[in-house]
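Structure assessment
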Amino acid sequence: MRDSVTHSLVDIRGLKIGATVFAPGEKPRDIEIVHGVDLTLEKGKVLGLIGESGAGKSTIGLSTLAYGRGGIKITGGEIFINGEDILKDSTSDLRNLRGRKVTYVSQSAAASFNPSKRLMDQIVESCLSHGLCSRKDAERRAIRLFEKLGLPEPETFGNRYPHQVSGGQLQRAMTAMALCPEPDLVIFDEPTTALDVTTQIDVLASIKEAIRETGVGAIYITHDLAVVAQVSDHIMVLQHGRMVEYGTTDQIINNPCEDYTRALVSIRSTIHDETPSRGQPVLKLENVSARYRGLNFDVVKNVSVEIHPSQTLAVVGESGSGKSTLARVMTGLLPARDGTITFNGDILPTALEDRSKEQLRELQMIYQMADVAMNPRQTIETIIGRPLEFYFGMKGAEKRARVVELLDEIELGEGFLKRYPAELSGGQKQRVCIARALAAKPRLIICDEVTSALDPLVADGILKLLLNLQEIEQVSYLFITHDIATVRAIADMIAVMYQGNVVRYGAKSKVLSPPFDDYTDLLLSSVPDMRLGWLEDVISTRKMDSAGN
Amino acid sequence: MMRIPLSALIGLTVTAFFFALAVFAPLVAPYGIGEIVGDVWEPMSAQHWLGTDNIGRDLLTRMIYGARTTIFIASAATLLSFTLGTSLALAAVVLGGWVDMALSRFVDLIMTIPTLIFALVVLSVMPASILILIVLMGLLDTTRVYRLARAVAVDINVMDYVEAARLRGEGTRWIVLREILPNALSPLVAELGLRFIFMVLFVSTLSFLGLGITPPETDWGAIVKENKEGLVYGIPAALAPAVAIATLAISVNLVADWVLNRTASLKGGRNA
């Protein structure tokens, strides 16, 4: 045995990582994405890496396997695992490192498992290929891990195929796969990001438990500070490939030194005061039900809600709760099977084709993925200008002046007129979509998860913009989201949806204060709090199991 | 000034050269198309750059006039198949339902019949004329263009921006011409170059079999047919059309590649 006692588990010094960018129609060029990061991790400890997309968190995580995704090269620095510089390792040494000493848990378990092999075969694979133990022993280890991770029927769980278990269970199966060869270090790359909040909590708790029991070292990568606060001992904040701040979890959460960290910590604290309902409702749904063709059950069941002028109704629920379908029903893309929709006091035809141009104009929509909500072949001027031309017959200079005005309102300015969507960042794209909706001078805008695909700080900016615009334009929003923090920030009224039903509906202050029904309680309690020990508190006080189990 | 990569420049030059020959054939050809100017299968010389053919006509002249027919028919047929195939495919996708079903199944049906056999049958009962050749080849190829264009358009049709246009209340015209077509163009342009070459090969095949171009007109396929016996005696006259087809195929695709690269850029072809 080598003198491993004196070595840290991971010791990264001056790590630089570069990549080659191949943009269509341009010459390939090299860029640096990580600019000299130092990092140490002791055995059995958990380090949280946190930052926005593009901060280099995953790239750094993968570098501990001496690996870079397509086109990524480690250009400088040293990486020691147990005192051994892995960048100098030969291919066979690396083979010994990967999947044995260091293992990896990816964000999307569904995309990482082979759909045509049983879970057990895939989980014991690395033990067997490294010749660590017999198949029997490996399976015994796996079953023990299933137990630790709280998976149902641990003895037979491994006989299932990936599609036969839920998303949360699959993510835990992947954790079992990573822990099975008893590695020294596990890289968790956003393991709970793709899960619903109520499922995330179970996965988080089981990962934490497994780390504690096996005494493995871990690097936990996420963009959600509240999540990482629950599992890690130390946190490193990254931005644009540079370290911003490093400290113990307690220090980062309760006593951040840098402005950027402070912004991340306070992100979920914007709270918007409730606007009371007044006047005739803009949109009123009465006992609306809808189903997709070919289904023999309703996806939206008997929903009745109202939206008043200049108000925001937030529709909250997990994936599959029917909230996006509800939006499709309102827009007429999926005609309601039953019930009536009243818009501005008039009955709104259920099907899109039967609605008048005026009705279409007054009801606009903003999508989750701004990338695909804009035609990539049109300039920003065309995208925002089209509703002006289409609804108001504006042309030439008049149209352009109004587009510029709208660009100013979304804080972008005239310079964007001639740009194409591909030349914009995620937040800018979403702003353009907002401007396009506003151009029609609507009375109601349906916002379908408009901030979910954005980084927290950018999302915060979009929410503030939406609130500002509401005051200027006197528009109502129907805000569909799975994120309670967003709801707190923007809503006046809330409808909680669960399996197609509205289980709780009313003013924000009422819906968010006790007494709760079981589902709302589960949903609210599952939203990670920015404090230590939150996870343990919640697990011990929950009334209902999450839908994922 | 736009920067054109070397490969595209070569492709453009050669393609333009071929098209120029085709257009100005009577002006550039050294002799008349049917004029007998020498012995049978004379070798290359200063008078006859490519030698003479099986009855002593100047081969270069024959090749130039052949290019005229071949390129004209292939271009016209490609144009027909792309216009028709793309319009039908976009109509099928946007209208959906039974229109899509009927069109797609009909196209499937036509595609089950081997193209060459189909063409042979039709041409043996119809009078052989250039117009009929063009229409026949264009229609047969429409099925392939339709399949590609439909596959591409189906993907685009479900994009949120197309849905946004529908929610705005846009008509079918705008959705097809402004939302779907511009985004479907790149793969179609790439296919255009390829299909043009297939057309050249197709018309040559038909002529070689004696069903395409009939004398006194000629095309590259007919030249191969006339001179194929010479190969046995080591006379390379039949290879001239083959070299011409290969050169044209490569240069057209070099151009198509370049156009594809430019249209694939989502920044309006502008280099950042």
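Bear in mind the structure is a predicted one, so any value in this text is a computation, not a measurement.

Let's talk about the overall build of chain A
- Tallying secondary structure elements over chain A gives 23 helices and 20 strands in all.
- Taken over C-alpha atoms, the radius of gyration comes to 26 Å for chain A, in line with the 24 Å a tight globule of 549 residues would show.
- Dimensions of chain A, computed from C-alpha atoms along their principal axes, come out at roughly 80 × 55 × 45 Å.
- For chain A, buried positions account for 46% of its 549 residues.
- Residue pairs at least 24 apart in sequence account for 70% of intrachain contacts in chain A once pairs closer than 6 positions are excluded.

Details of the nonpolar core
- Leu478 and Val496 of chain A are the most contacted members of the largest nonpolar core, which has 140 residues in total.
- When residues in this core are grouped by element, the largest group, 15 residues, is from helix 3 (residues 59–95) of chain B.
- Contacts of Leu478 of chain A, omitting those with residues within four sequence positions, involve Ile307, Leu313, Val315, Ala327, Leu444, Ile446 and Cys447 of chain A.
- Among the nonpolar cores identified, the runner-up in size contains 79 residues, and Phe113, Leu119, Met177 and Val237 of chain A belong to it.

Section: the domain arrangement of chain A
Residues and elements named next belong to chain A.
- Domain annotation of chain A identifies domain 1 (4–265) and domain 2 (283–513).
- Distance between the C-alpha centres of domain 1 and domain 2: 37 Å.
- The partner domain 2 presents six residues to the eight residues of domain 1 that form the contact.
- Taken together, the elements giving at least two residues each to the side of domain 1 that touches domain 2 come down to helix 9 (197–214) and helix 12 (259–265).
- Of the residues in the side of domain 1 that touches domain 2, the class split is three nonpolar, three polar and two charged.

Observations concerning the packing of helix 7 (residues 160–168) of chain B against helix 8 (residues 172–208) of chain B
All names here are of chain B.
- Following both chains from N to C, one finds helix 7 and helix 8 inclined at 155°, their axes separated by 10 Å at the closest point. With respect to helix 8, the axis of helix 7 lies roughly antiparallel. The interaxial crossing formed by helix 7 with helix 8 has right-handed handedness. Note on element contacts: helix 8 touches helix 7 through Trp174, Ile175, Glu179 and Ile180, opposite Tyr161, Val162, Ala165 and Arg166.
- For the contact of helix 7 with helix 8, the residue count by class is six nonpolar, no polar and two charged.

So, the environment of Ile187 of chain A
- By secondary structure assignment, the location of Ile187 of chain A is in strand 7 (residues 185–189).
- Dropping the residues within four chain positions of it, Ile187 of chain A is found in contact with Gly61, Thr64, Val102, Tyr104, Val105 and Ile219 of chain A.

What to know about helix 19 (residues 456–473) of chain A
Residue and element names in this part refer to chain A.
- In this model helix 19 runs 25 Å from its N-terminal to its C-terminal C-alpha over 18 residues, within 8% of the 26 Å that 1.5 Å per residue would give.
- In the core, the buried residues of helix 19 are packed alongside helix 18 (426–439), strand 18 (476–481) and helix 20 (484–490).
- Downstream of helix 19 by one or two residues, Gln474 has phi in the positive range, about 55°.

Overview of the sheet that holds strand 13 (residues 312–316) of chain A
Residue and element names in this part refer to chain A.
- Taken together, the six strands give an open sheet; going across it, the order is 16-17-18-13-19-20, and neighbouring strands pair in mixed fashion. In this open sheet, the two strands that pair with only one neighbour each are strand 16 (363–366) and strand 20 (501–507). Neighbouring strand axes in the sheet, compared pairwise and without regard to direction, differ in orientation by 15° on average.
- Where strand 13 meets strand 18, five bridges bridge the pair, whose relative direction is parallel. Bridge pairing links Leu313 to Leu478 in strand 18.
- Each of strand 16 and strand 17 (444–448) is contacted by helix 18, which is oriented at about 175° to strand 16, the strand it contacts most.

Reading guide: rules and limits
Residues numbered from 1 in each chain as written. Chains lettered and ligands numbered in written order. Predicted model: local features only at pLDDT ≥ 70, side-chain atom pairs only at ≥ 80, totals over all residues. Helix = DSSP H or I, 4+ residues; strand = E, 2+ residues; numbered from the N terminus. Rg over C-alpha atoms; globule rule 2.2 N^0.38 Å. Buried ≥ 20, exposed ≤ 12 C-beta atoms within 10 Å, placed from the backbone. Contact = placed C-beta atoms within 7 Å. Core = buried A, V, L, I, M, F, W, Y, C linked by C-beta atoms within 7 Å. Domains from an automatic or database assignment. Nonpolar A, V, L, I, M, F, W, Y, C, P; charged D, E, K, R; others polar. Axes fitted to C-alpha atoms, helices over the stretch in contact; angles between N-to-C directions. Parallel < 35°, antiparallel > 145°, perpendicular 65-115°, else oblique. Left-handed = near helix turned anticlockwise from the far one by under 90°. Expected span 1.5 Å × (residues − 1). Pairing = 2+ DSSP bridges.

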